[in-house]
Amino acid sequence: MSTDKKIESIPLSKGQKCPTCQKPASLKHRPFCSKRCADLDLGQWLNEGYKIASEEESDMDEYDPG
Ligand SMILES: [Zn+2]
């Protein structure tokens, strides 16, 4: 039995696009086309995380045990 598939040599899947700007993804920065898009996406993700966290907090404030 020999399963020596080199994961690193697997090319980008066909039609993979940058989730930020929809340009073809680059091998180096996949799934993004560039570091800039990767950073942008990460920034958005973090911002949403903070938003959700603060919303949950105010939600607990309104909790009424009955
Ligand atoms: Zn992009």
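Worth saying up front: this structure is predicted, and the values here are computed from it rather than measured.

(A) Geometry of the coordination of the zinc ion. The protein atoms that coordinate the zinc ion are C18 (SG), C21 (SG), C33 (SG) and C37 (SG), at distances spanning 2.3 Å. Classification of the site at the zinc ion rests on its four donor atoms, whose angles at the metal span 104 to 119°, yielding the label tetrahedral. One chain supplies every donor for the zinc ion, spaced along it as C-x2-C-x11-C-x3-C. In this pair, C21 is assigned in the segment before α1 (35–61) and C33 in the segment before α1, connecting sequence segments 12 residues apart. Look at C21 and you get partly exposed, because its relative accessible area is 31%.

(B) Examining unusual backbone geometry more closely. Put simply, R30 and P31 share a cis peptide bond, and its omega is 5°. Along the chain, P31 turns up in the segment before α1. Phi at Q22 is positive, roughly 70°, even though this residue is not glycine. As for its placement among the helices and strands, Q22 is situated in the segment before α1.

Rules and cut-offs
- Residues numbered from 1 in each chain as written.
- Predicted model: local features only at pLDDT ≥ 70, side-chain atom pairs only at ≥ 80, totals over all residues.
- Heavy atoms only, no water.
- Donors = N, O, S within 2.8 Å, 3.2 Å for Na, K, Ca; no water.
- Tetrahedral: all angles 85-135°; square planar, octahedral: opposite > 155°, others 65-115°.
- Helix = DSSP H or I, 4+ residues; strand = E, 2+ residues; numbered from the N terminus.
- Buried < 20%, exposed > 50% of the residue type's maximum accessible area, 1.4 Å probe, protein only.

None of the figures reported here should be taken as evidence of function without further support.
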